[in-house]
Amino acid sequence: MTVIVTSTRPEPPGAWIATLAFGYRALLKIRHVPEQLFDVIAIPVVFTLMFTYLFGGALAGSPGRYLPFLLPGTLVMAVLLVSMYAGIGLNTDVSKGITARFRSLPIWPPAPIAGAILGDVARYLIAAGLVTILGVIMGYRPPGGAYGTLAAIGLLLAFALSLSWAWTALGLVLRTPQAVMSTGTVVLFPLTLASNVFVAPRTMPGWLQAFVRVNPVSHLVTAERGLMGGHPSAGQVTWVLLAAAALVAVFAPLTAWLYGRRP
Amino acid sequence: MDCRASDRCLRLLACASVMPHLILDDYVRDNLTLTIMYEKRYPVAVEAEGLRKRFGTTEALRGLDLTVAAGTVYGLLGPNGAGKSTSVRILATLLRPDGGRAAVLGHDVVREANAVRRRISLAGQAATVDDDLTGKENLLFLGRLSGLSRSGARARAAGLLEAFDLAGAAGKQVKTYSGGMRRRLDIAASFLVPAGLYFLDEPTTGLDPAARAQVWQIVRAAAESGSTVLLTTQYLEEADRLADRVAVIDHGTVVAEGTPAGLKADMGKGTLDEVFLALTREAEASAA
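Keep in mind that what you see is a predicted model, and the values were worked out from it rather than measured.

The rules behind these values
- Residues numbered from 1 in each chain as written.
- Chains lettered and ligands numbered in written order.
- Predicted model: local features only at pLDDT ≥ 70, side-chain atom pairs only at ≥ 80, totals over all residues.
- Pairing = 2+ DSSP bridges.
- Helix = DSSP H or I, 4+ residues; strand = E, 2+ residues; numbered from the N terminus.
- Bend = angle between axes of the 7 residues up to and from the residue.
- Buried ≥ 20, exposed ≤ 12 C-beta atoms within 10 Å, placed from the backbone.
- Contact = placed C-beta atoms within 7 Å.
- Expected span 1.5 Å × (residues − 1).
- Core = buried A, V, L, I, M, F, W, Y, C linked by C-beta atoms within 7 Å.
- pLDDT = per-residue confidence, 0-100.
- Axes fitted to C-alpha atoms, helices over the stretch in contact; angles between N-to-C directions.
- Parallel < 35°, antiparallel > 145°, perpendicular 65-115°, else oblique.
- Left-handed = near helix turned anticlockwise from the far one by under 90°.
- Nonpolar A, V, L, I, M, F, W, Y, C, P; charged D, E, K, R; others polar.

**With respect to the sheet that holds strand E4 (residues 99-104) of chain B**
Alright, step 1. Overall, antiparallel pairing links the 4 strands, which are arranged E2-E1-E4-E5 (chain B) in an open sheet. The open sheet is flanked by strand E2 (58-69) and strand E5 (107-108) of chain B, the only strands paired with a single partner.

**A look at helix H2 (residues 34-60) of chain A**
Residues and elements named next belong to chain A.
Alright, step 1. The axis of H2 is deflected most strongly, by about 50°, at Leu54.
Alright, step 2. Restricting attention to buried positions, one finds in H2 the residues Val40, Ile41, Pro44, Phe47, Thr48, Phe51, Thr52 and Gly56.
Alright, step 3. For H2, the secondary structure elements touched by its buried residues are helix H3 (63-83) and helix H6 (111-137).
Alright, step 4. Positive phi shows up at Gly61, right after H2, with a value of about 100°.

**Some words on helix H4 (residues 85-96) of chain A**
Residue and element names in this part refer to chain A.
Alright, step 1. For H4, spanning 12 residues, the distance from its first C-alpha to its last is 16 Å, which sits close to the expected 16 Å at 1.5 Å a residue.
Alright, step 2. Judged by how many residues are buried, H4 sits mostly within the fold: 9 of 12 residues are covered.
Alright, step 3. Every buried residue of H4 is accounted for by Tyr85, Ala86, Gly87, Ile88, Gly89, Leu90, Asn91, Thr92 and Asp93.
Alright, step 4. Taken together, the buried residues of H4 touch H2, H3, helix H5 (98-103), H6, helix H7 (145-173) and helix H8 (177-193).

**A short note on the nonpolar core**
Within soluble globular proteins, side chains that are nonpolar tend to cluster in buried spots.
Alright, step 1. Val79 of chain A together with Val104 of chain B are the most contacted members of the largest nonpolar core, which totals 146 residues.
Alright, step 2. The residues touching Val104 of chain B, leaving out its near neighbours within four places in the chain, are Ala45, Val46, Leu91, Val109, Val116, Ile120 and Leu197 of chain B.

**With respect to the pairing of strand E10 (residues 253-258) of chain B**
All names here are of chain B.
Alright, step 1. Examined bridge by bridge, strand E9 (residues 245-250) and E10 share 5 bridges and lie antiparallel to one another. Directly across from Val246, in E10, lies its bridge partner Gly258.
Alright, step 2. Counting the residues in the hairpin turn of E9 and E10 gives 2 residues, including His251, whose phi is positive at 45°.

**So, the confidence of the model for chain A**
Alright, step 1. Scored by pLDDT, chain A has a mean of 91; 97% of the residues are at 70 or more.
Alright, step 2. A low-confidence stretch, residues 1-7 of chain A (pLDDT under 50), is modelled with 11 contacts involving residues beyond four sequence positions or located in other chains.

**Considering the sheet that holds strand E6 (residues 120-124) of chain B**
Residue and element names in this part refer to chain B.
Alright, step 1. The strand order across the open sheet built from 6 strands is E6-E7-E8-E3-E9-E10, with neighbouring strands paired in mixed fashion. The outermost strands of the open sheet, each flanked by one partner alone, are E6 and E10. Sheet twist, expressed as the average angle between the axes of neighbouring strands with direction ignored, equals 20°.
Alright, step 2. Contacts from helix H8 (residues 209-224) reach strand E3 (73-77), strand E7 (197-201) and strand E8 (228-233), with the element oriented near 150° to E8.
Alright, step 3. Contacts between helix H10 (residues 260-267) and the sheet are confined to E9 and E10, with E10 contributing the most and set at about 100° to the helix.

**Let's talk about the packing of helix H1 (residues 15-32) of chain A against H6 of chain A**
Residues and elements named next belong to chain A.
Alright, step 1. Their axes nearest at 7 Å, the elements H1 and H6 cross at an angle of 45°. Taken together, the axis directions place H1 and H6 in an arrangement best described as oblique. Judged by the twist between their axes, the crossing of H1 over H6 is right-handed. For the pair H1 and H6, the contacting residues are Ala15, Ala18, Thr19, Leu20, Ala21, Phe22, Gly23, Arg25, Ala26, Leu27, Lys29 and Ile30 in the first and Ala111, Pro112, Ala114, Gly115, Ala116, Leu118, Gly119, Ala122 and Arg123 in the second.
Alright, step 2. Here the residues of the contact of H1 with H6 sort into 14 nonpolar, 4 polar and 3 charged.

Quick look at the structure:
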């Protein structure tokens, strides 16, 4: 006991280590609370099965001819619904008070959000992978091939990550995780249903066609169909990337501001 | 080694013989060194002058002054809404004061927030752990965030789970823990790396008497290791038992300050409860 050990507090972690630690936490949450993810993915899975086998024949002549049209749409729906969790997770952290502990640590301040984004990527890949595998099991063979499908998933990830900034901003404004979830659902369901996910807008009334045409989800779905269908359109892909950039430009600074303002 | 340091060693030894399971891992020895180092450099752990903070129309702090000597346990005592948590949040760099200044271990909490964060540790109401993760995962994750290596975090987590009597529940999700287990994990997390100053914000609020006694034991062990502990509490008994000095806070200012024994003697009261009631009644009267 007369010898006093000379070791002291370790140096604080670098930005990357801190980000990875938050990413590790996000992955653990997927493992411990998988129902959170799968409850949401169930909806597009059921829609894929239901629309293909119930309405596929009526809409496109046969389920097999309808599926290539539908699947890129339900893929988009799955990943966009999952993107809500960015806001729900942040809201949970803030309302439970764990962010206070993070703020008292000598870490790179954006690390909690950067790490959460890593977790989001994992969630989106799981959702996209499940819907794609479902499609393959149902007999869908993307004409765009593996590269086209990967490109489609990549574009979808870029858009979903950009949209997740809108959810984080919402998560910092609303009081409870449930409120974030219900607001997110109220926004996403009309956007995904009143789009070209399930049917081409030709037969819709004029006012609805007008909405579907400006709906960003329609543009995203068209771009996805192009990539997976082997006829990619540079114009559509550019449109989606610009929309994604606009979402980041508005909501990332807003999130940062709201996060900094929280006590 | 100066005489203060050797005195601490003796106290530590005494403490270790009483609570061998809680203390005397490497951490405590590290902490001892660190605190002696801190004490040499900063005899004062906390120095706050005229702290003001307003939330909307309510004034949470109206000119709060506080001086905490290094190496002591200091109790911030006050009813709900008195400004205890706001003070801790400002001192732990979570909130910026609207007015006044504060330094923690020689560093300004606003201008040198990061230097302060490298020297403090926060637990209690103001900080929490992740419900979805297991106890062990929480400590591994927070250990990495505190700058421990992967293997260092693993070793530290195992040691702390053992010391805080949580080894059996290490692999269970925190949402299945009792209130006392949660609080122990939360405090364990704040001991992952040595700190010059521990903030324990209402560490026993909502705990049953047995769990409260366990937390008290931990606070004493931390204090015996030589660190400074700033403890907020609504329980007078807790301040009386644990704190070397106490500040009674009401309506955002310090209404009395001193040793628990001194306060009782000054006011001619037998218990800190009576002191507290008398003081808060005075404050009510002057506010009216």
